[in-house]
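Observations on the model geometry
Chain by chain, the residues:
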Amino acid sequence: MASLSLQHVFKKYDGGVVAVSDFCLEISDKEFIILVGPSGCGKSTTLRMIAGLEDISEGEIYIDDRLINDVLPKDRDIAMVFQNYALYPHMTVFDNMAFGLKLRKVERGEIKRRVQEAAKILEIEHLLDRKPKALSGGQRQRVALGRAIVRDPKVFLMDEPLSNLDAKLRVQMRVEITKLHQRLQTTIIYVTHDQTEAMTMGTRIVVMKDGFIQQVDSPTELYDNPVNTFVAGFIGMPPMNFINATINVEGDDVYVAFENTSIKLAPSYCVPEVIERDGTEVIFGIRPEALTDDGTYVSMHPEAAFSADVDVVEMLGAETYLYVTVNGSLPLTARVDPTTSESRVGEVVDIAVDTNRVHLFDKDTEQSIISCSTANTKNLYEEDAQF
């Protein structure tokens, strides 16, 4: 397998359009890296530059310390899985999987061994004599994966390989690709616009916007410690609630005020970077699961509660989404426990915030001031320092 290094990589098109700006990333051997972001953010362009399908305008790309800027795609020892499968319709599954090996004049017995081994891994042994038109979407995707596996490349590149599948099959194929990575122990770079795929599959995630890397981190760190409002809003479903609020410091207590409401934050947020913003506007971030309509919790935390009008209730079995409005103008989403929730459309209900799990962002730069994980970690350090 292989490690990769992308150093200050740019992609500029004629007319001054910059698709990728100063992309820097070190990818270790056997990592499963996800490039995620909205359409047009530069993730697929970055993948194509690694593959050699797009020229690099500036910067350097290395595979195992070998500079590959000017190396032809066929000589980079990579395999790419495309969104549209790119299977040859007139060939059988076996011939589709074997095609690249035949071009490289691999011995016939070795081709047969590799194809059968890959087919066994992907559970498509019974499909080897069929042609693509006789396959389902999921089966075609497995064939495309098999064609990449038989080459035994240093790096697998996958460009939104599941986007053409239905929702149920996407879930199944996510699991299969994750198991495949664990079995092959190979380096995979995977592009998607689906944050659920990113969170469930990657060892590290690269969040991109407008050609720039916003944050590179593990799924847990991205979720708990987003560096800005874009990452915070993009990662997580339903997305984080953002509220324009004002910081008020009263003695040892910190409050956020919005829409005639004042919420007292947990003591862990009473830190210098928050206290120095007393009287200033911030963006108050609350994930839907940090809001609850549980009456017991609300009654125990009146300093963190407010009233809201229930607009929509979505029952999803294991959880319920409440879409509410505060003061007639501020929409919020709460993810609540259906076994305790009694909220109904048209009612006015009390909602409480878990004030240990909120985020604060700078109003102008939209950069994180402090996140729930950071605040509580600092609080633990302070407690430890007392002993």
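One structure accompanies this document, and this report is about it. (Residues numbered from 1 in each chain as written. Predicted model: local features only at pLDDT ≥ 70, side-chain atom pairs only at ≥ 80, totals over all residues. Heavy atoms only, no water.)

What about helix α5 (residues 167–184)?
The criterion, for reference: Only DSSP runs of H or I reaching four residues or more are called helices, and only runs of E reaching two or more are called strands; each is numbered from the N terminus. Take the number of residues in a helix, subtract one, and multiply by 1.5 Å to get its expected span. Relative accessibility decides the category of a residue: with a 1.4 Å probe and only protein chains considered, values under 20% of the type maximum give buried, values over 50% give exposed, and everything between is partly exposed. In what follows, residue pairs with any heavy atoms lying within 4.5 Å of each other are defined as contacts.
The end-to-end C-alpha distance of α5, which contains 18 residues, comes to 26 Å, matching closely the 26 Å that a straight helix rising 1.5 Å per residue would cover. For α5, the set of buried residues is L169, M173, R174, I177, T178, L180 and H181. Taken together, the buried residues of α5 touch β3 (32–36), α3 (108–122), α4 (137–149), β7 (155–159), β8 (187–192) and α6 (195–201). Residue Q185 follows α5 closely and has a positive phi angle near 50 degrees.

Re the pattern of salt bridges
Stated formally: One speaks of a salt bridge when a side-chain nitrogen belonging to Lys or Arg is within 4 Å of a carboxyl oxygen belonging to Asp or Glu.
Scanning the entire structure with this criterion turns up 17 salt bridges. Among the salt bridges present, the one from K12 reaches E58, with a minimum N-O distance of 2.6 Å. Taken together, the positions of K12 in strand β1 (residues 4–12) and E58 in strand β4 (residues 58–63) put the pair 46 residues apart, joining distant regions of the chain. Relative accessible area serves as the criterion here: at 39%, K12 is assigned to the partly exposed category. A salt bridge links K264 to D253, with the shortest nitrogen-to-oxygen separation between them at 3.7 Å. Here K264, found in strand β13 (residues 261–264), pairs with D253, found in strand β12 (residues 253–258); they are 11 residues apart in sequence, far enough to count as distant. Under the relative-accessibility criterion, K264 is labelled partly exposed at 28%. For D253, a relative accessible area of 27% gives the class partly exposed. In this structure, a network of salt bridges that share partners links the residues E110, R113, R114 and E117.

Focus: the sheet that holds strand β5 (residues 66–67)
In sheet architecture, strand pairing relies on hydrogen bonds along the backbone and comes in two forms, parallel and antiparallel. Short version of the rule: Here the rule is simple: two strands pair whenever DSSP picks up at least two bridges between them.
In space, the 4 strands of this open sheet follow the order β2-β1-β4-β5, with antiparallel pairing throughout. Both outer strands of the open sheet, β2 (18–27) and β5, are each paired with one neighbouring strand and no more. Note: β1 against β2, 6 bridges, orientation antiparallel. Following the sheet pairing, L4 is matched in β2 by I27.

A word on the side chain of N228
Inclusion rule: Here a polar contact is recorded for every N or O atom pair within 3.5 Å, except that within protein the pair must consist of a potential hydrogen donor and a potential acceptor, and residues adjacent in sequence are included only if both atoms are side-chain atoms.
Relative to the helices and strands, N228 is located in the loop between α7 (219–224) and α8 (229–234). Assessed through its relative accessible area of 6%, N228 is described here as buried. Engagement of the side chain of N228 in a polar contact is seen with the backbone nitrogen of F230, the distance being 3.2 Å. Among the polar contacts made by the side chain of N228, one reaches the main-chain amide nitrogen of V231 at a distance of 2.9 Å. Contacts of N228, omitting those with residues within four sequence positions, involve Q214, F361, E366, Q367 and S368.

Let's talk about the pairing of strand β20 (residues 358–362)
The buried fraction of β20 amounts to 5 of the 5 residues, a majority that puts the element mostly inside the structure. Pairing between β20 and strand β21 (residues 368–370): 2 bridges, direction antiparallel. Bridge pairing in β21 places L360 opposite I370. If you look at the hairpin formed by β20 and β21, you'll find 5 residues sitting between the two strands, and E366 has a positive phi there, around 65 degrees.

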